[in-house]
Amino acid sequence: MTTQTGTHEAEGLAPARTLVEGLRDLRENCPESVSDRVLAATGVVDSYAEMAGPIWPLIVAWGRAGVSAIERADDPGAFEDEYQARTGRPVRRVDAVPARLARAVLRRIGGERVRDLAVDLSGLPEFQRRVLAKTMEIPFGEVRPYAWVAEQIGHPRAQRAVGTALALNPIPFVIPCHRVVRSDGRIGQYGAGGPSAKRAVLASEGLDPDELERLASRGVRFVGSDTTRIFCFPSCHDARRIRPEHRTSFRSWQSATEDGYRPCRACRPSVGETVAA
Amino acid sequence: MCIECPAALASDLVSGFPTLVAHQRDLVYGVARRWSRGVEDAEDLTQEAFLRAYKALLGYSPGRISELHLRGWLARITLNLARNRARAVERRPATGDLAEMPEPVDDRALAPDQVAERRESREMWRRLLATLPPDQRAAVELRHVEGLSYPELAEALARPLGTVKSDVHRGLERLRRAYEGIQADAAGSPGPAPDPAHIRRSSRAARRREQSGSFRIEREVMAR
């Protein structure tokens, strides 16, 4: 019995082992790049890469829903950890921002209307999403006060909360938080590198930050035209075309309306905007 | 094999899925590689299979996910996709294009003659596998190349446990005979070890068989 089994094994085992080993050797190793592609395609992992920006090199992150984060590449920090904490999704560095996306980002930063650039604000509180969405309406080369954003989203007294929401803007430059300034004329804080960076970005859009501050410090909140009898924010595209001889200035919404001026429909001057007594 | 995956997936799909991909990508890629034509096809297939799996998991309850035989289930998705694709190009799934098979990654540590030897051996086993009827080939591959358990195999091939067991055994027996045939040929002839013409003949015969009859595995798996 024992001998028989032994003989049987001796006959059968050698080829069987060869067989099993030969087959096991057919295993494949999946390339790393394939699993990266898999994870990006399912949307459970987002991607980021560096690209050149108009002023600074940028880190741009994106997922299936659109651009999800932008940061200055020269800004040291735990980008991946912060990203995951906010979105709940891991993010992986890849070689390059896809050309189409990179082009769209640069065009948007440069003030062009770009339709196919979606921003992904998932993971942010509702209030912050509304602040950022409103901020995206501010045209290139113009600024609005924090109070304006607060008023427009229906929380006129939440100026500070607006400031915080903008300071935590995950997609600066594309969502132009730099176009929101203090009512008293100071340029204010900036999440992507402080006030001097903010001035640089505004200057790159053709605005003169010093001039904006001078105007505000003289008490000018709005400017109007005595021919159209419409008043605007000073940086409003329409306001900047008013000839000097027709130009009037106002310290508040009230004083403008009392003089018979109506608010501009493009820049929508804020009601609460006034110079502190 | 991957005990923690079902639980991780069931509790949080988004954070559990990367773990699933990390643990099972060699299985999915291996099946894709052997049932598609080239490296690029296999990569696309791998991506598509995981995407399918992800979408399916999104709709599954945590209870259902934790009961899945994940490896068998993933193998089934991959095999189905491979067959759909092969059908789309009106071509039966054949063994991968051998000329295109890349060197396995761990070959880099081997000496050149060992690399050649291993490559030859892999090629021989691939050719031998290609002579099996598809049912048996799939069963043998999943059991002995990928190391799936019999319950996982039953899930992968959508067939009863007893059937997949007998397919594995019959497939192995055929392989063993084919292998012994090669050894005998090598011993009997003065030429180089495996006679390629012999393999090609049996491979062609197998393909003829595939084309003439439709196999249960295909009908059943495709119907899902």
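Everything below is about the structure shown above.
Residues numbered from 1 in each chain as written. Chains lettered and ligands numbered in written order. Predicted model: local features only at pLDDT ≥ 70, side-chain atom pairs only at ≥ 80, totals over all residues. Heavy atoms only, no water.

Participant: Break down the overall build of chain B for me, with residues and values.
Facilitator: Looking only at helices and strands, one finds eleven helices and zero strands in chain B. Within chain B, counting contacts between residues at least 6 apart in sequence, those at least 24 apart form 70% of the total. Summing over all exposed atoms, chain B offers an accessible surface of approximately 10,700 Å²; the carbon and sulfur share of this is 51%. (Helix = DSSP H or I, 4+ residues; strand = E, 2+ residues; numbered from the N terminus. Contact = heavy atoms within 4.5 Å. Areas by Shrake-Rupley, 256 points an atom, 1.4 Å probe, with all protein chains shown as cover.)

Participant: So what's going on with the nonpolar core? Which residues, and what values?
Facilitator: Of all hydrophobic cores here, the largest spans 62 residues; its most connected members are Leu23 of chain A together with Phe17, Leu57, Trp73, Leu142, Leu157 and Leu175 of chain B. Looking at which element gives the most residues to this core, the answer is helix α2 (residues 13-34) of chain B, with nine residues. Taken domain by domain, the makeup of this core includes at least three residues from each of domain 1 (1-96) and domain 2 (97-224) of chain B. Those residues within four positions of Leu175 of chain B in sequence are excluded, and the remaining contacts are Leu19 and Leu23 of chain A together with Leu128, Leu129, Leu132 and Val140 of chain B. Within the second largest apolar cluster, 54 residues are counted, among which are Leu58, Val105, Val114 and Val223 of chain A. (Core = buried A, V, L, I, M, F, W, Y, C linked by side-chain atoms within 4.5 Å. Buried < 20%, exposed > 50% of the residue type's maximum accessible area, 1.4 Å probe, protein only. Domains from an automatic or database assignment.)

Participant: Lay out the packing of helix α5 (residues 70-88) of chain B against helix α8 (residues 150-157) of chain B with the relevant residues and their values.
Facilitator: Residues and elements named next belong to chain B. Viewed as axis vectors pointing N to C, α5 and α8 meet at an angle of 30 degrees, and their least axial separation amounts to 7 Å. As judged from the angle between their axes, α5 and α8 are roughly parallel. α8 is crossed by α5, and the crossing has right-handed handedness. Listed contacts from α8 to Arg71, Gly72, Trp73, Ala75, Arg76 and Leu79 of α5 are Glu152, Glu155, Ala156 and Leu157. In the contact of α5 with α8, the residues fall into five nonpolar, one polar and four charged. (Axes fitted to C-alpha atoms, helices over the stretch in contact; angles between N-to-C directions. Parallel < 35°, antiparallel > 145°, perpendicular 65-115°, else oblique. Left-handed = near helix turned anticlockwise from the far one by under 90°. Nonpolar A, V, L, I, M, F, W, Y, C, P; charged D, E, K, R; others polar.)

Participant: A description of the environment of Arg107 of chain A should follow, citing residues and the corresponding values.
Facilitator: Residue and element names in this part refer to chain A. Mapped onto the elements of the fold, Arg107 is located in helix α4 (residues 99-109). Relative accessible area serves as the criterion here: at 35%, Arg107 is assigned to the partly exposed category. It is 9.8 Å that separates the C-alpha atoms of Arg107 and Leu117, two residues lying ten residues apart in sequence.

Participant: Give a description of the interface of chain A and chain B that names residues and reports values.
Facilitator: Opposite the 26 residues of chain A that make contact, chain B presents 34 residues. Together, the buried faces of chain A and chain B total about 3,000 Å²; carbon and sulfur atoms form 64% of this surface. At the junction of chain A with chain B, the criterion picks out five salt bridges. Measuring nitrogen to oxygen at the nearest pair gives 3.4 Å for the salt bridge that ties Arg25 of chain B to Glu32 of chain A. Inspection of the region where chain A meets chain B yields twelve residue pairs in polar contact (both at pLDDT 80 or more). Listed by contribution, the elements that provide at least two residues to the side of chain A that touches chain B are α1 (2-24) and α2 (32-42) of chain A. (Buried area = accessible area lost by both parts, 1.4 Å probe. Salt bridge = Lys/Arg side-chain N within 4 Å of Asp/Glu carboxyl O. Polar contact = N/O pair within 3.5 Å; in protein donor to acceptor, adjacent residues only side chain to side chain.)

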